[in-house]
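Secondary and tertiary structure notes
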Amino acid sequence: MSVSGAQVNEAGPDRLGGGRRPVPVTVSHGDGIGPEIMGATLQVLDAAGAALEVETIRIGEALFREGVSSGIDSTAWGSLRRTHVFLKAPITTPQGGGYKSLNVTVRKTLGLFANVRPCLSYAPFVSTRHPGMDLIIVRENEEDLYGGIEHRQTPDVTQCLKLISRPGTERLVRYAFEAARRHNRRKVSCFTKDNIMKKTDGLFHQVFDEVASEYPEIESEHLIVDIGTARLADTPEIFDVIVVPNLYGDIISDVAAQIAGSVGLAGSANIGSEAAMFEAIHGSAPSIAGLGIANPSGLLLAAVQMLVHVGQGDVATAVHNAWLTTIEEGVATADFFEQGISRTRVGTEGFAAAVVERLGHRPRRLSSVDYPVSTEPIQVSPRPRPRPVKQLVGIDVFVDSTAAPEEIGHQLEGLAAPGFELVMITNRGQKVYPDGIPETFCVDHWRCRFQAPGGAPVSYDSVLGLLARLGAAGAEAIKTEGLYTFDGEPGFSLGQGQ
Ligand code: NAD
């Protein structure tokens, strides 16, 4: 089989998809176990009659070694921008050395805002404590702490910026509800930590509630992420669709895949409005690379999602049912083989051959699947909103100092006028001035809040004047944050204890 610049399959008339025009897709074979599981996956797709015109690209470790710090070059981008469909094997992210995650780069560059991960158990054929588990996690893919905007600001303190946007959240949440509607799911659950992060996670929760009200036939609920994760690990059967910000989604989707049976069994789709990427949820497993024992299932199930996406639902149905039959007949790779449950232990190639042998079969005990031959992609976009009236009402100035809070407070109070008063100083979010207590542990990073008396609007010029006075007095302002109101509502949080 040729996979480079050639068709995986010529779609002969006796096979599924016969006569179909091949769909161009970009494929990368990845690092570690990537080439083995991609070879196995393409073999099954070929045998099932997928009509694909494969463009192979090189990304990842080889490029990192050649000094391409992003791990992806313009040739690869050219292919991705041409095909807009990417089947990707896992890649190895080098440790240290300032390398950015290639996965994050691809997701963000192509605008793949939703990571969709079905997590279900295959009991009794794959060992799990949760035989009734069948849920979909829809994880935000571009925002949150994954902007990678990090700074060391003082000898003591580093920070990472957490960004949550209304349009980014809205299209994700709409996607989750539309997916729930399409797949006849009864409930969408949202996890955030908005009891602590009232502005960022608070916005995510608020948008969730707004969008949920447009889908009255679907139950909706919000849980604080800690108890939500605990319930997910304990009773995953109570969940149906879960929609979450990026970091929580990263964590809970691995928890969910692991308790379903194995991280080797789950695939995921990264969906954008223009492009989509399909991959296994696991990494490149370098310790078993080249041994021929890796489980190709995660990538194969991702490829099933890709076939549905490109309008070859009949081929997806055939591959998925053959895979379920393989699982049901006790054929297992080492990672999920279990004495007494599994029957035949196979390697990567043996597993692919077993799936190919079962094409045309349907599982007898596990539920079989039936995808519509062609499915319109779910299209979502944020609703236009009038821009609110934005008003500057003060400034938070972050100062690097080893002095005591009282000393900093007295100095800055003297510099605040004209136009401002020092409202408070916090250290790592905790108010320490005025009225701090000596027990509070402090580092060299102080957030000093200046506002006009009575919370009146301030001008940008007056802020520049304040900063000039602070600079002249030797106060090192390492960062500032404007304090704004939006239609009169404060856009900033209070200090802890304020
Ligand atoms: P990993 O998922 O590669 O491996 C975790 C464990 O699961 C290992 O014991 C591994 O042997 C096993 N495993 C994973 N996939 C398997 C499969 N298909 N069959 C059998 N066993 C399997 O996670 P890791 O070790 O933390 O990461 C290894 C490398 O992969 C790192 O460089 C990491 O950055 C990268 N990574 C890439 C992706 C991606 O490309 N999407 C995702 C996660 C990690």
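This structure is a prediction, so every number in the text was calculated from the model and none was measured.

A few words on the state of the cysteines. Scanning the model with the defined rule gives zero disulfides in all. Note on Cys190: no disulfide assigned, nearest cysteine sulfur contributed by Cys119 at a separation of 17 Å. Of the cysteine sulfurs around Cys442, a residue in no disulfide, the closest is that of Cys448, at 11 Å.

Turning next to the environment of Lys162. Take Lys162: it is sitting in the loop between strand S8 (158-160) and helix H5 (166-182). With relative accessibility at 17%, the residue Lys162 sits in the buried group. On a C-alpha basis, the gap between Lys162 and Leu145 in space is 4.5 Å, while along the polypeptide they are 17 residues apart. Non-local contacts of Lys162, meaning those with residues more than four positions away in its chain, are made with Asp144, Leu145, Met197, Thr200, Asp201 and Tyr248.

Time to look at the site of the ligand. Around the ligand, 17 residues are found, and the nearest of them are Ile91, Gly283, Ser284, Ala285 and Asn295. Contact between the ligand and Gly283: an oxygen atom at 2.6 Å from a main-chain N or O atom of the residue. Note that an oxygen atom of the ligand is positioned 2.8 Å from one of the backbone N or O atoms of Ala285. Contact with the protein chains removes 65% of the 810 Å² of surface that the ligand exposes when unbound. Split into classes, the residues belonging to the shell around the ligand amount to seven nonpolar, seven polar and three charged.

Attention now moves to the domain arrangement of the chain. You'll often see interface size given as the accessible area lost when the parts meet. The domain architecture assigned to the chain consists of domain 1 (1-110 + 273-372), domain 2 (129-260) and domain 3 (390-490). Computed from C-alpha atoms alone, the centre-to-centre distance between domain 2 and domain 3 is 34 Å. In total, domain 2 and domain 3 occlude about 640 Å² of area from one another, counting both sides; carbon and sulfur atoms represent 50% of this. Inspection of the region where domain 2 meets domain 3 yields zero salt bridges. The residue makeup of the side of domain 2 that touches domain 3, split by class, is three nonpolar, three polar and two charged.

Looking now at the packing of helix H7 (residues 225-234) against helix H8 (residues 246-260). Taken N-terminus to C-terminus, the directions of H7 and H8 make an angle of 15 degrees; their axes are 10 Å apart at the nearest point. Considering the angle they form, H7 stands roughly parallel to H8. For the element pair H7 and H8, the recorded crossing hand is right-handed. Every residue of H8 that contacts H7 at Val225, Thr229, Leu232 and Ala233 is listed here: Tyr248, Ile252, Val255, Ala256 and Ile259.

Spatially, S18-S17-S19-S16-S20-S21 is the arrangement adopted by the six strands of the open sheet, whose pairing is antiparallel. In the strand order of this sheet, the two ends are held by strand S18 (430-433) and strand S21 (489-490), each with one partner. As paired elements, strand S20 (residues 476-486) and S21 share two bridges and run antiparallel to each other. Bridge assignment links Phe486 to a residue of S21, and that residue is Glu489. Lying on the sheet, helix H12 (residues 405-416) is in contact with strand S17 (421-427), S18 and strand S19 (445-451); it crosses S17 at an angle near 155 degrees. On top of the sheet, helix H13 (residues 460-472) reaches strand S16 (390-400), S19 and S20; it is set at about 15 degrees to S16, its chief contact.

This part covers the pattern of salt bridges. A complete count under the given rule lists 27 salt bridges for this structure. Residue Lys88 pairs with Glu279 through a salt bridge whose shortest N-O separation is 2.8 Å. Here Lys88 is found in strand S4 (residues 85-88), whereas its partner Glu279 is found in strand S13 (residues 276-280), with 191 residues between them in sequence. Assessed through its relative accessible area of 1%, Lys88 is described here as buried.

Thresholds, definitions, all that
- Residues numbered from 1 in each chain as written.
- Predicted model: local features only at pLDDT ≥ 70, side-chain atom pairs only at ≥ 80, totals over all residues.
- Heavy atoms only, no water.
- Disulfide = S-S within 2.5 Å.
- Helix = DSSP H or I, 4+ residues; strand = E, 2+ residues; numbered from the N terminus.
- Buried < 20%, exposed > 50% of the residue type's maximum accessible area, 1.4 Å probe, protein only.
- Contact = heavy atoms within 4.5 Å.
- Near = heavy atom within 4 Å.
- Polar contact = N/O pair within 3.5 Å; in protein donor to acceptor, adjacent residues only side chain to side chain.
- Areas by Shrake-Rupley, 256 points an atom, 1.4 Å probe, with all protein chains shown as cover.
- Nonpolar A, V, L, I, M, F, W, Y, C, P; charged D, E, K, R; others polar.
- Domains from an automatic or database assignment.
- Buried area = accessible area lost by both parts, 1.4 Å probe.
- Salt bridge = Lys/Arg side-chain N within 4 Å of Asp/Glu carboxyl O.
- Axes fitted to C-alpha atoms, helices over the stretch in contact; angles between N-to-C directions.
- Parallel < 35°, antiparallel > 145°, perpendicular 65-115°, else oblique.
- Left-handed = near helix turned anticlockwise from the far one by under 90°.
- Pairing = 2+ DSSP bridges.

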